[in-house]
Amino acid sequence: MIKSQAMTNGNFKKLATRSEKKQAILDAAEKIFAEYGFKGATTQMIADFAGIPKANLHYYYPTKEALYSQVVQNIFDIWLEAADSFDQNMDPSHALESYINKKMEISRAHPNGSKVWANEVMHGAPIIQDYLETTLKEWTSSREAVIQSWIDDGRMDKIDPKHLLYMIWATTQHYADFVHQVETLNDGRPFDDGAWQAATRDVKKIILAGVGLTIGGNDDGH
């Protein structure tokens with residue numbers, strides 16, 4: 001049984017703007033798609049969780065595919081923004097540290113979006129394959145070029161830039177995609193602020209040390 005969140009049809013109508021209403025639907029969709037996948041989820045389930053009539057949902061998102069695509073695009077856009085820290089002229093330690101900080105924050109703030117992305121890719125990306133072949137590929141190539149420039153300048157160890165990106169993605173997104181496992185191993189408790197800071201600090205230390213770098217900023221995960 002799907003438990004509806006606090007949103008009801010009444011206070012859905014009270015949301016001030018179109019964007020707020022769409023965001024309320026997207027939040028519910030993230031949760032349902034993360035739990036049931038694209039095939040298992042229905043727009044009725046999402047509407048029920050949001051506490052609104054299905055007709056209201058379809059007013060903003062005519063099809064399940066349109067809603068799903070928007071959820072996937074949203075998490076990817078958030079990840080793209082996190083990568084703004086990459087700049088060829090930046091110190092690689094500071095750039096990578098900033099990127100890892102942001103990726104860990106995203107895993108904490110948007111675990112459902114990360115799970116939706118992971119489920120989609122693990123099933124062969126039937127809905128977003130064209131997105132992977134264009135936007136993701138172009139973005140990844142641009143980040144690889146920055147990392148390669150640091151390597152060519154002798155500022156970090158020689159590695160395949162793609163593998164460094166894979167390592168960062170796999171490690172940071174683990175805390176979202178496998179949150180149940182993480183919490184189970186944390187004596188059944190969600191991470192508090194201190195635990196997140198410690199995890200972020202250690203992830204940075206381990207990954208940066210693997211390419212001959214050290215943390216350049218504070219040691220508290222920020």
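Anything mentioned here points back to the structure above.
This one's a predicted model, so the numbers in the text were calculated from it and none came from an experiment.

Caption draft 1: Layout of the packing of helix H9 (residues 161–177) against helix H11 (residues 193–209). Remark: H9 packs on H11, axes separated minimally by 11 Å, with the N-to-C direction vectors making an angle of 165 degrees. Put simply, H9 runs roughly antiparallel to H11. Crossing geometry of H9 relative to H11 is assigned as right-handed. The residues of H11 that touch H9, namely those facing Leu164, Met167, Ile168, Thr171 and Tyr175, are Trp196, Ala199, Val203 and Ile207.

Caption draft 2: Expanded view of the packing of aromatic side chains. This model, assessed by the stated rule, comprises 12 aromatic pairs. With 4.9 Å between their ring centres and 85 degrees between their planes, phenylalanine 33 and tyrosine 68 make a pair best called edge-to-face. With phenylalanine 33 in helix H2 (residues 18–40) and tyrosine 68 in helix H5 (residues 64–82), the pair connects residues that are 35 residues apart, well separated along the chain. On the basis of relative accessible area, phenylalanine 33 is assigned to the buried category, the value being 1%. Owing to a relative accessible area of 3%, tyrosine 68 belongs among the buried residues under this scheme. A connected cluster of aromatic rings, assembled from ring pairs, spans Phe76, Trp79, Trp117 and Tyr131. Between lysine 64 and the ring centre of phenylalanine 38, over which it is positioned, the NZ or CZ distance is 4.3 Å.

Criteria and thresholds
- Residues numbered from 1 in each chain as written.
- Predicted model: local features only at pLDDT ≥ 70, side-chain atom pairs only at ≥ 80, totals over all residues.
- Heavy atoms only, no water.
- Axes fitted to C-alpha atoms, helices over the stretch in contact; angles between N-to-C directions.
- Helix = DSSP H or I, 4+ residues; strand = E, 2+ residues; numbered from the N terminus.
- Parallel < 35°, antiparallel > 145°, perpendicular 65-115°, else oblique.
- Left-handed = near helix turned anticlockwise from the far one by under 90°.
- Contact = heavy atoms within 4.5 Å.
- Phe/Tyr/Trp six-rings, centres within 6.5 Å; stacked < 30°, edge-to-face > 60°.
- Buried < 20%, exposed > 50% of the residue type's maximum accessible area, 1.4 Å probe, protein only.
- Lys NZ or Arg CZ within 6 Å of the ring centre and 35° of its normal.

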